[in-house]
There are 2 protein chains.
Amino acid sequence: MTDDQTDIAPEPEAGDEDAYALDPKTISAILYAVEVQDRGKLVELLDPLHPADIADMLEQMNAFDRMRLIRLYGEEFDGDILTELDEGIREEVVGILHPRVLASAVRELDSDDVVDLLEDLQDPQRDAILEVLDDPDRIAVEQSLTYPEYSAGRLMQREVVMAPEHWNVGEAIDFMRNSDELSQQFYHVILVDPRLKPVGKVALGKLMGSRREVMLRDITDESFHVIPVTRYDGDVAYAFNQYHLISAPVVDENDRLVGVITIDDAMAVLDEENEEDILRLAGVGEESSLSDSVMETTRQRFPWLAVNLVTAVLASLVIAQFESAIAQVTALAVLMPIVASMGGNAGTQALTVAVRALATRDLTGSNAVRVIRREITVGLVNGAAFAVIMGIVGLVWFGSPELGLVIAAAMVINLVVAGLAGIGIPIVLEKVGIDPALASGAFVTTVTDVVGFFAFLGLAVIVLL
Amino acid sequence: MTDDQTDIAPEPEAGDEDAYALDPKTISAILYAVEVQDRGKLVELLDPLHPADIADMLEQMNAFDRMRLIRLYGEEFDGDILTELDEGIREEVVGILHPRVLASAVRELDSDDVVDLLEDLQDPQRDAILEVLDDPDRIAVEQSLTYPEYSAGRLMQREVVMAPEHWNVGEAIDFMRNSDELSQQFYHVILVDPRLKPVGKVALGKLMGSRREVMLRDITDESFHVIPVTRYDGDVAYAFNQYHLISAPVVDENDRLVGVITIDDAMAVLDEENEEDILRLAGVGEESSLSDSVMETTRQRFPWLAVNLVTAVLASLVIAQFESAIAQVTALAVLMPIVASMGGNAGTQALTVAVRALATRDLTGSNAVRVIRREITVGLVNGAAFAVIMGIVGLVWFGSPELGLVIAAAMVINLVVAGLAGIGIPIVLEKVGIDPALASGAFVTTVTDVVGFFAFLGLAVIVLL
């Protein structure tokens, strides 16, 4: 086996973003059916689509078409579409749906999906939905809502398939065959002791492949993770990804089994957490979505821009100290943004790596010192490289070796500071309990702007004037 | 049910990053055992740890301790640790392991894990590992390696539990009970027609809960997705997340079943894709990891800094056109970075939302125009708000209403341009087949810098001089 096979093998359909996107022709046909109010055609077109795809399509429509589609679709509206919708659009759609349609849509859902639906709705809508549920379902949902938001308790489903630890395979299979209300999706049987404390889990595949007389406790999974009901859902998602869990039992404060979390829900949380980090790093409200209105979007983005304005004014105050130098040597005004900009970029690189490593628990007390040293060294090496380049540019452009020297020195200083700030600020913010993804950018840019302008202009005054 | 329960409910252990991190005390004890070469103690300490945690710990150690630990651990080294290691460290560890230990570690692994291990290794190490495999395993691994990198073929496991579509539940259960080599992890039975084309899948839970005489075809899952073997793994991960798949059959170009992908592997890919997007947006090589050396890190970050230097020099060339204006009114030099910086930040906000929405298929042809219009309007509204603020600052600071007017007008222009560039550039890059996460930043910053300086200084020349 050599590397040759990579030459023979066909290319993957790399970056084929449309592999799972809705066909534009289908969307046009759907919009046309709505336009001419052809209910039969609309139902026929939507029927083969997955609720998640219908939800995406609704999000991408304008509000008027969305309302007309939902009214025309009527009774056929599936509860699963609701759970797949973005928060803002979901509230709008719940408001449009006929109460009778809403009631039947919600009754079809699993309890964890109803919880997911309710937690983002306002009180009147919430109460309306709770009212239509049967008593046992309503009680289950209300109980889940008593767990804090973003906790394992909100994420779990309450339907658990469990077995006493002393059962054998045959007993477990007979029990399952005879129960009427097995959850639709389960992958493990949870073994419990007499006090309902989970003691192990048996994969269904293993159960299937074992003889009836085998004891369940002899075929439990090697790795077994129990999740406290109050655990933060981001930590739950981390555990699923780190330990390759498919499902995990959830316990209350007395270690009693109260539910089970499956990997598909953990995957959704992991994806949301990553999305939040990406948006926070860019200074965009993490709840933002493409379907938000202009006013919502403006409101989400304003705070970060306001913080940036303060940062920029601080940098301007530094420049203002050197007005007379700039008046004498205008080349300083031309070159000074370069040093600040390079520092800002190097700082962003270091801080992104740091924020990400903190999120994935790759950056810990045991390697922090080594990583900080690495970032400073990288700043020094890249700083030296760009110092040479900019020194030459400064010399050639303005014909002044002194100016070349000044910009070269300022470049090294600012890139080293950028490395130090980029790694140090997220670590400190994490230590004091502030989300580093949210706040690091402002701090790091302030540092690199102020240091960049000060080092360049300050050195210029010393060397040139 | 009102919002009250949120007051009663306890807070989740929000942001408890250490919920799953390794205990520092354990790490100290492990390092001490390595220091004093106490093999028994080391084995005792590592034994209860999950291979993923051992891998994380190895990544966070320095190279010398890592080598000593692995040598001392010896025969006990588990193959799963290798599959969990970062690429760079993995190569190093494979080099340190005694060939006999490596051989036994690799023989324990599933074929898809061996593939995962081999694809990142260089030829001599690769051949050494292939040699120690048994013939059937080696052939399976070599066959998987013929599929392109990042394809479904590399991600799937070849062990599939399938059944003819005309079987009933009893036949399927008897078949499974009697097969010796059931995969350890499987969650569905794939139904196939006589040509091995998958026609549906039955969840094990459903199989368990059904009577023996029920036909398999009557209890198949409602949604059924078949994945072509050459499909890009990022698209596979998207499908799992979008459609809540737990496992999905993989077919070759003749629609014959060749393997199955399970959600835990899809979750890992989704996480990697998100990580790549985060790192690319920050201009950091997506293959970067905390355990990279200074030279590797410097090399990864240099290209983006070089691009940024070109951008910054372009902006400087714009400033250079206005040197005489700056010499007359040095306040221009003080204020000009503010306009550019605000534009850069607003542009980054818009482009991050756009890149993310393109990745999640939320931004499509059907809503692009509406989203572009929204971004321009948001730029206009935020631009107007910051124009008022900066107009006042300019007036108060420098006592010149004209200067306030100039910076206010430049602010509006640059924030509108930032919104347009932030959304437009990623869409265009995506259209022409360039990864928008990788390249958008440089283009957008160039636009906002150039427009920011030109609008501010140009207007200043017209109004002030």
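Residues numbered from 1 in each chain as written. Chains lettered and ligands numbered in written order. Predicted model: local features only at pLDDT ≥ 70, side-chain atom pairs only at ≥ 80, totals over all residues. Heavy atoms only, no water.

**A few points about a nonpolar patch on the surface**
All names here are of chain A. On the surface, Val388, Ile392, Leu395 and Val396 cluster together into a nonpolar patch covering about 380 Å² of accessible area. Note on placement: Val388 falls in helix H20 (residues 368–398). Taking the relative accessible area as the measure of exposure, Val388 reaches 53% and is therefore exposed. (Patch = residues over 30% accessible without salt bridge, like charges linked within 9 Å, V, L, I, M, F, W, Y side chains within 5 Å. Areas by Shrake-Rupley, 256 points an atom, 1.4 Å probe, with all protein chains shown as cover. Salt bridge = Lys/Arg side-chain N within 4 Å of Asp/Glu carboxyl O. Helix = DSSP H or I, 4+ residues; strand = E, 2+ residues; numbered from the N terminus. Buried < 20%, exposed > 50% of the residue type's maximum accessible area, 1.4 Å probe, protein only.)

**Comments concerning the interface of chain B and chain A**
Taken residue by residue, the interface counts 155 residues in chain B and 156 residues in chain A. Between chain B and chain A, a total of about 13,700 Å² is buried, with carbon and sulfur atoms accounting for 61% of that surface. Taken together, the links from chain B to chain A amount to 52 residue pairs in polar contact (both at pLDDT 80 or more). Among the elements that line the side of chain B that touches chain A, the one with the most residues is helix H19 (residues 331–359) of chain B, at 20 residues. In the side of chain B that touches chain A, the residues fall into 82 nonpolar, 39 polar and 34 charged. (Contact = heavy atoms within 4.5 Å. Buried area = accessible area lost by both parts, 1.4 Å probe. Polar contact = N/O pair within 3.5 Å; in protein donor to acceptor, adjacent residues only side chain to side chain. Nonpolar A, V, L, I, M, F, W, Y, C, P; charged D, E, K, R; others polar.)

**A closer look at empty space enclosed by the protein**
Taken as a whole, this structure holds seven cavities of 30 Å³ or more when the rule is applied. Space inside the largest cavity adds up to approximately 1,100 Å³. Along its surface, the largest cavity is lined by 47 residues, and Asn345 and Thr348 of chain A together with Gly344, Asn345 and Thr348 of chain B are the ones closest to its centre. Those elements that place two or more of their residues in the lining of the largest cavity are helix H16 (263–281), helix H17 (294–320), helix H19 (331–359) and helix H22 (436–464) of chain A together with helix H16 (263–281), helix H17 (294–320), H19 and helix H22 (436–464) of chain B. In terms of residue count, H19 of chain A provides more of the lining of the largest cavity than any other element does, nine residues in total. Residue composition of the lining of the largest cavity, by class: 25 nonpolar, 19 polar and three charged. (1 Å grid on protein atoms, 1.4 Å probe; cavity = no way out; pocket = protein on both sides within 12 Å on 5 of 7 lines; lining within 4 Å. Points joined across faces, edges and corners; volume = space filled by probe spheres on them.)

**Examining unusual backbone geometry**
For Gln37 of chain A, which is not a glycine, the phi torsion comes out positive at approximately 55°. Structurally, the position occupied by Gln37 of chain A is in the loop between helix H2 (24–35) and helix H3 (39–46). Positive phi values are uncommon outside glycine, yet Asp255 of chain B reaches one of about 65°. You can see Asp255 of chain B is positioned in the loop between strand S5 (247–251) and strand S6 (257–262).

**A short note on the pairing of S6 of chain B**
All names here are of chain B. For S6, a buried count of six out of six residues is recorded, marking the element as mostly surrounded by other parts of the structure. As paired strands, S5 and S6 are joined by five bridges and run antiparallel to one another. Note that in S6 the partner of Ala248 across the bridge is Ile261. In this antiparallel pair of consecutive strands, S5 and S6, the connection spans five residues, and Asp255 shows a positive phi of 65°. (Pairing = 2+ DSSP bridges.)

**Concerning the domain arrangement of chain A**
The parts lose accessible area when they come together, and the size of an interface is often stated as this lost area. Here chain A is described as being made up of domain 1 (20–146), domain 2 (162–281) and domain 3 (294–464). When each unit is reduced to the centre of its C-alpha atoms, the spacing between domain 1 of chain A and domain 3 of chain A is 48 Å. (Domains from an automatic or database assignment.)

**Some details on the sheet that holds strand S3 (residues 198–203) of chain A**
Residues and elements named next belong to chain A. Taken in spatial order, the three strands make up an open sheet running S1-S2-S3, and their pairing is mixed. Strand pairing shows two members of the sheet lacking a second neighbour, strand S1 (162–164) and S3, which therefore form its edges. When the angles between neighbouring strand axes are averaged without regard to direction, this sheet yields 30°. Pairing geometry for S1 and strand S2 (residues 188–192), over three bridges, is parallel. Within the sheet, the bridge partner assigned to Met162 lies in S2 and is Ile190. (Axes fitted to C-alpha atoms, helices over the stretch in contact; angles between N-to-C directions.)

**Regarding the UniProt feature "domain: CBS" (unreviewed entry) in chain A**
In the numbering used here, UniProt assigns the feature "domain: CBS" (unreviewed entry) to residues 215–276 of chain A. Within residues 215–276 of chain A, the helical portion is 40% and the strand portion 21%, while the C-alpha atoms at the span's ends are 45 Å from each other. (UniProt positions renumbered as here; feature names shortened; annotations may be inferred.)

**Overview of a negative patch on the surface**
Taken together, the side chains of Asp80, Glu108, Asp110, Asp134, Asp137 and Glu159 of chain A together with Glu222 of chain B present a region of like negative charge at the surface. You can call Asp80 of chain A partly exposed: its relative accessible area is 31%. (Lys, Arg positive; Asp, Glu negative; His and termini not counted. Charge placed at Lys NZ, Arg CZ, Asp CG, Glu CD.)

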